[in-house]
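# Structural features, examined
Listed here are the chains, written in short residue letters.
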Amino acid sequence: MCKPHYAMSPSGEYLATVHAGSPGIYLWANSTLYSNVLLHPLPEKYDPLQLDLPMITTEGRDKNNEVAGEGEADDSVPEFKSLEQISDELVTLSLVSKSHWLNLLDLDIIKNAPFFLPVVSGLKPTFLIEDSDNWKEKSEKSNILDVMQHKSEFSKLLYKSDETENYGIVLDILKEMSPSKIDVEIRCLSPENGGSELFMEYFLKALSESLETNRNFELIHSYLALFLQIHYETVAKSEKMVGTLQEIKRDRSWDSLREKINCCLCLGNYTRSAVI
């Protein structure tokens, strides 16, 4: 029996095949472009499903063959579950959505956005525009006072994590918080907002120790950036916190990741230019 001849479209959308003893050209569509297809590893003794070639009918589609091909599933293939971290030497990102950490540094801009401007009643209604600095100060004070009145558990958690040296629980709690809640909790670490420098040191130490695990890479750096944006003046006066930041600065995870990304980009650009 002659082997079938085939040709793939440049974009990988279609596959054209010609079969011995069957006139015409068969055109196959890549189903992964139109629907979700579960790709899982096949077992060693996997028996592929053999289907008859589709036939042209008066109705336009061979429904029987379509049902036979799509309806049968192999239940013997186990469900594939990805590991949380493939190797300790690899930098691993979190599974948290970007909306959780991407705009942490821009929360003040988002809060000050005038989505609904209040109107002053009168013969000629006018918009009431308050001073943005005063509004920001009132908003921060109200949020901080609310947290202090309810006595946040975050400071207790930092103290517990330092005693048990289990810093993963700090990140687990932060993952469950909303961006505004994270902003308030980090602001409350400072002495002027009801916290202390000791809690700030605990927070920095938790981030530093978490970086060594090579997990939650983007989350840790976003939390660190927000912490420094809010408390940079207090941190600069503390030798202990500056020392912790020096240890974080010596972490070479990003340098290694950046080199590999640049290497892949250069190789991809060279391959594309060489082929085209």
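Preceding this paragraph is the structure being described.
What comes next concerns the included structure. Bear in mind the structure is a predicted one, so any value in this text is a computation, not a measurement.

Glancing now at the side chain of Glu218. With respect to the helices and strands, Glu218 occurs in helix 8 (residues 217-236). No salt bridge is formed by the buried Glu218. Its closest oppositely charged neighbour is Lys175, at 8.2 Å. Polar side-chain contacts of Glu218 include one of 2.5 Å to the side chain of Ser94. When sequence neighbours within four positions are dropped, the list of residues in contact with Glu218 reads Leu93, Ser94 and Trp101.

Once that is clear, we can look at helix 5 (residues 168-176). Within the span of helix 5, buried status applies to Val170, Leu171 and Leu174. Angularly, the buried residues of helix 5 cover 95° about the axis, an arc narrow enough to put them on a single face.

On to the packing of helix 4 (residues 154-164) against helix 5. Two numbers describe how helix 4 lies on helix 5: the axes approach to 9 Å, and their chain directions differ by 155°. Here helix 4 lies roughly antiparallel to helix 5, going by the angle between them. Between helix 4, through Phe154, Leu157, Leu158 and Ser161, and helix 5, the contact on the second element is made entirely by Ile169, Val170, Ile173 and Leu174.

Okay, the pattern of salt bridges next. Scanning the model with the defined rule gives 4 salt bridges in all. Notably, a salt bridge pairs Lys181 with Glu185, separated by 3.3 Å at the nearest N-O pair. Here Glu185 and Lys181 lie together in helix 6 (residues 179-187), a separation of 4 residues that amounts to about one turn. A relative accessible area of 34% means that Lys181 is categorised as partly exposed. Salt-bridge contacts for Glu201 lead to Lys240; the nearest nitrogen and oxygen are separated by 3.7 Å. On the criterion of sequence distance, the pair formed by Glu201 in helix 7 (residues 197-211) and Lys240 in helix 9 (residues 239-249) is long-range, its members being 39 residues apart.

A word on unusual backbone geometry. Positive phi, normally seen in glycine, also occurs at Glu165, with a value near 60°. Secondary-structure assignment places Glu165 in the loop between helix 4 and helix 5. Unusually for a residue other than glycine, Asn214 sits at a positive phi of about 60°. Among the structural elements, Asn214 can be located in the loop between helix 7 and helix 8.

Here we take up a nonpolar patch on the surface. Residues Tyr14, Leu27, Leu33 and Tyr34 make up a contiguous nonpolar surface patch of roughly 450 Å² in combined accessible area. Tracing the sequence through the fold places Leu33 in the loop between strand 3 (26-29) and helix 1 (63-71). A relative accessible area of 46% means that Leu33 is categorised as partly exposed.

Before going further, it helps to examine the sheet that holds strand 2 (residues 14-18). Overall, antiparallel pairing links the 3 strands, which are arranged 1-2-3 in an open sheet. In the strand order of this sheet, the two ends are held by strand 1 (5-8) and strand 3, each with one partner. In this sheet, adjacent strand axes meet at a mean angle of 20° when their direction is disregarded. Relative to strand 2, strand 1 runs antiparallel, the two being bridged by 4 bridges. The residue of strand 2 that forms the bridge with Ala7 is Ala16.

Right, let's talk about the packing of aromatic side chains for a bit. Throughout the structure, instances matching the rule amount to 4 aromatic pairs. Three or more aromatic residues joined by ring pairs make a cluster, and in this case those are Phe154, Phe203 and Phe227.

Rules used throughout
Residues numbered from 1 in each chain as written. Predicted model: local features only at pLDDT ≥ 70, side-chain atom pairs only at ≥ 80, totals over all residues. Heavy atoms only, no water. Helix = DSSP H or I, 4+ residues; strand = E, 2+ residues; numbered from the N terminus. Buried < 20%, exposed > 50% of the residue type's maximum accessible area, 1.4 Å probe, protein only. Lys, Arg positive; Asp, Glu negative; His and termini not counted. Salt bridge = Lys/Arg side-chain N within 4 Å of Asp/Glu carboxyl O. Polar contact = N/O pair within 3.5 Å; in protein donor to acceptor, adjacent residues only side chain to side chain. Contact = heavy atoms within 4.5 Å. Arc of directions from axis to C-beta. Axes fitted to C-alpha atoms, helices over the stretch in contact; angles between N-to-C directions. Parallel < 35°, antiparallel > 145°, perpendicular 65-115°, else oblique. Patch = residues over 30% accessible without salt bridge, like charges linked within 9 Å, V, L, I, M, F, W, Y side chains within 5 Å. Areas by Shrake-Rupley, 256 points an atom, 1.4 Å probe, with all protein chains shown as cover. Pairing = 2+ DSSP bridges. Phe/Tyr/Trp six-rings, centres within 6.5 Å; stacked < 30°, edge-to-face > 60°.

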